[in-house]
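In case you want the letters, here they are:
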Amino acid sequence: MQRIKRRLGDQRHRDVSAIFEDALKEQKRNGSYEKYRDWVTYLLSEYYDPMYDYQIQKRANLVAFRGDAKGVHEYIKSVT
């Protein structure tokens, strides 16, 4: 998590680190991995989703079509 600290910012880095530490303690206490879901959920919503959206926006001119699986299939059929 140190590698993404700059992009997360100090507060979100502290938050995600605390969530991870809580999950680790829970695992050591009773062998449960359930609390890791909280950590993964936080990282996905606070880091990976925004990073993905940023990268998509940065290259928006290269995207020919966006949609669900059915829409993509229909688009491909229409251009081939």
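Residues numbered from 1 in each chain as written. Predicted model: local features only at pLDDT ≥ 70, side-chain atom pairs only at ≥ 80, totals over all residues. Heavy atoms only, no water.

1. Describing the pattern of salt bridges
Here is step 1: Counted under the stated rule, the structure contains four salt bridges.
Here is step 2: Measuring nitrogen to oxygen at the nearest pair gives 3.3 Å for the salt bridge that ties Arg-12 to Glu-46. Within this pair, whereas Arg-12 is found in helix α2 (residues 10-30), its partner Glu-46 is found in helix α3 (residues 36-58), the two being separated by 34 residues in sequence.
Here is step 3: Arg-29 is paired through a salt bridge with Glu-26; the nearest N and O atoms lie 2.7 Å apart. Of the two residues, Arg-29 and Glu-26 both sit in helix α2, three residues apart, roughly one turn of that helix. (Salt bridge = Lys/Arg side-chain N within 4 Å of Asp/Glu carboxyl O. Helix = DSSP H or I, 4+ residues; strand = E, 2+ residues; numbered from the N terminus.)

2. A closer look at the packing of aromatic side chains
Here is step 1: Going through the model one piece at a time under the given rule, you end up with six aromatic pairs.
Here is step 2: Relative to Trp-39, the ring of Tyr-36 lies with its centre 6.5 Å away and its plane at 75°, an arrangement referred to as edge-to-face. Residue Tyr-36 and its partner Trp-39 are located together in helix α3, separated by three residues, close to a single helical turn.
Here is step 3: You can call Tyr-36 buried: its relative accessible area is 15%.
Here is step 4: By way of ring pairs, the aromatic residues Phe-20, Tyr-33, Tyr-36 and Trp-39 are connected into one cluster. (Phe/Tyr/Trp six-rings, centres within 6.5 Å; stacked < 30°, edge-to-face > 60°. Buried < 20%, exposed > 50% of the residue type's maximum accessible area, 1.4 Å probe, protein only.)

3. A word on the nonpolar core
Here is step 1: If you look at the biggest cluster of nonpolar residues, it comprises six residues: Ile-4, Leu-8, Val-16, Tyr-42, Leu-43 and Tyr-47.
Here is step 2: In terms of residue count, α3 provides more of this core than any other element does, three residues in total.
Here is step 3: When near neighbours in sequence (up to four residues on either side) are disregarded, Tyr-47 contacts Ile-4, Arg-7, Leu-8 and Tyr-42. (Core = buried A, V, L, I, M, F, W, Y, C linked by side-chain atoms within 4.5 Å. Contact = heavy atoms within 4.5 Å.)

4. Considering the side chain of Glu-26
Here is step 1: The exposure class assigned to Glu-26 is buried, which follows from its relative accessible area of 15%.
Here is step 2: Setting aside residues no more than four positions away along its own chain, Glu-26 makes contact with Gly-31, Ser-32 and Lys-35.

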